[in-house]
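# Breakdown of the fold
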Amino acid sequence: MKKTAIFLFMVILSLSLFSCGKSMDKNRVVVAQQFGLGYAPVILMQELNLIEKYYPDAQVEWVRLGSGGAIREGMAGGNIDVGSMGVPPYLIAWAKGYDYKIISALCEMPLGLQTYHENIKTLQDIKPGMKIALPSPGSIQHILLSMAASKELGNPKALDHNIIAMAHPDGVNALINRVEIDGHFTSPPYIFKELEQEDIHQVVDARDAFGGDFTFLVTAATGQLKKRNPELFNAVYKALEEAIDMLNENPEKTAEYVAPVLNLDRDTYMKYTTWEGVRFSKNPHGLLKFLDFMNEAGYVDRNTEDVKDLLWETVNPAGAD
């Protein structure tokens, strides 16, 4: 609880500072990301100044927050122009009518729920009072846990009272050291660190919970940015496109920029980027399936059958679903 309170305070403080310091300068763009390997394209954008490459007058401000929900609300408040997050946090924003859409997908990655309790083999073994750490309610980890609960327990919200909000770096440390939490639903590189521990095993595989492949992270941009400076908006997309292409075409080169930011050595970074299921891609998949489930489970109350409603024109709807 103390860590959660401190985290929320820092989020509020950070957004307040953005609000005070941000002007309506058309060349300024605030870009937010979170923690983890999935944000490698955004890390490359920052490390290589790719936005400035495509728009030299850009004044880029970078911020890292602990959850997609924090980024979502920062964008809604006009303090963040571009934010990367899991698919469900974006869909919650769309359902609320917030003025931003997906400019590009980022990646597909393995996600899952791990525990050190030998007697927890399935979700049925999780008892009241046990704590499952994940970034925030409404995160992709939360929705995937709900999908698994719907299949295994017949109730998508059966474990909602078990979850606690915790940033991934804190969660992996808590799980490995067996303090504060009983399980951790996380993503790379944290899931890989956990699965490398002999006394930790997986309870839920996210792909099984979802029923197939899905996009993990997307990048959204506000309509305000698009209207204020279309050239800067396009520069953000071109920067993302170049970063994703670089990760796919020359992963060895990206290691020197991304690995230090993730506190990984080069060999570990290369192992993680080539792990089965890790894929960087501009085309989002699974958006409508996530949205259907979230409507059925009562997490949102707006739906669509047309994926184009969720996307800016930078995304080819023929390659999205």
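To start, this report covers the structure provided alongside it. Note that this is a predicted model, so its numbers are computed, not measured.

In this section: the overall build of the protein chain. Each helix and strand counted, the protein chain has 14 helices and 11 strands in total. In summary, the protein chain has a C-alpha radius of gyration of 19 Å against a globular reference of 20 Å for 321 residues, a match within 12%. Its C-alpha atoms give the protein chain principal-axis dimensions of about 55 × 45 × 40 Å. Per-residue burial for the protein chain yields a buried fraction of 57% across its 321 residues. Taking contacts inside the protein chain between residues at least 6 apart in sequence as the whole, the part at least 24 apart equals 77%. Surface summary for the protein chain: the accessible area is close to 13500 Å², and the carbon and sulfur share equals 48%.

Buried residues dominate helix α2 (residues 40-47), accounting for 6 of its 8 residues. Among all positions of α2, only Ala 40, Pro 41, Val 42, Ile 43, Leu 44 and Met 45 are buried. A positive backbone phi angle near 55° is found at Asn 49, which sits one or two residues after α2.

Moving on, we get to the side chain of His 184. Structurally, His 184 is set in strand β8 (residues 183-186). A relative accessible area of 0% places His 184 in the buried class. For His 184, the side chain forms a polar contact with the side chain of Glu 194, separated by 2.5 Å. Every residue in contact with His 184, bar those within four places of it in the chain, is listed here: Gly 112, Leu 113, Gln 114, Ala 133, His 168, Gly 171, Val 172, Leu 175 and Glu 194.

In terms of nonpolar packing, the biggest core is built from 104 residues, with Tyr 90, Leu 123, Leu 144 and Phe 290 touching the most fellow members. Not counting residues within four places of it along the chain, the set of residues in contact with Leu 123 comprises Leu 113, Leu 145, Ala 148, Ala 149, Glu 152, Leu 153, Leu 159, Val 203 and Val 204. By size, the runner-up hydrophobic cluster in this structure holds 7 residues, among which are Tyr 116, Met 166, Ala 174 and Ile 181.

To continue, consider the pattern of salt bridges. Scanning the entire structure with this criterion turns up 12 salt bridges. Salt-bridge contacts for Glu 61 lead to Arg 28; the nearest nitrogen and oxygen are separated by 3.2 Å. Linking Glu 61 in strand β2 (residues 59-64) with Arg 28 in strand β1 (residues 28-33), this pair joins segments that are 33 residues apart in sequence. Since its relative accessible area comes to 17%, Arg 28 is described here as buried.

Another aspect to go through is the packing of aromatic side chains. Under the criterion given, the structure shown has 9 aromatic pairs. Aromatic side chains Phe 233 and Trp 312 sit 5.8 Å apart centroid to centroid with 85° between the ring planes, which places their arrangement in the edge-to-face category. Here Trp 312 lies in the segment after α14 (287-297) and Phe 233 lies in helix α11 (residues 230-249), a separation of 79 residues in the sequence. Taken together, Tyr 90, Tyr 98 and Tyr 100 form an aromatic cluster joined through their ring pairs. Taking the ring centre of Phe 233 as reference, the NZ or CZ of Lys 226 above it sits at 5.6 Å.

What counts, and where the lines are drawn
Residues numbered from 1 in each chain as written. Predicted model: local features only at pLDDT ≥ 70, side-chain atom pairs only at ≥ 80, totals over all residues. Heavy atoms only, no water. Helix = DSSP H or I, 4+ residues; strand = E, 2+ residues; numbered from the N terminus. Rg over C-alpha atoms; globule rule 2.2 N^0.38 Å. Buried < 20%, exposed > 50% of the residue type's maximum accessible area, 1.4 Å probe, protein only. Contact = heavy atoms within 4.5 Å. Areas by Shrake-Rupley, 256 points an atom, 1.4 Å probe, with all protein chains shown as cover. Polar contact = N/O pair within 3.5 Å; in protein donor to acceptor, adjacent residues only side chain to side chain. Core = buried A, V, L, I, M, F, W, Y, C linked by side-chain atoms within 4.5 Å. Salt bridge = Lys/Arg side-chain N within 4 Å of Asp/Glu carboxyl O. Phe/Tyr/Trp six-rings, centres within 6.5 Å; stacked < 30°, edge-to-face > 60°. Lys NZ or Arg CZ within 6 Å of the ring centre and 35° of its normal.

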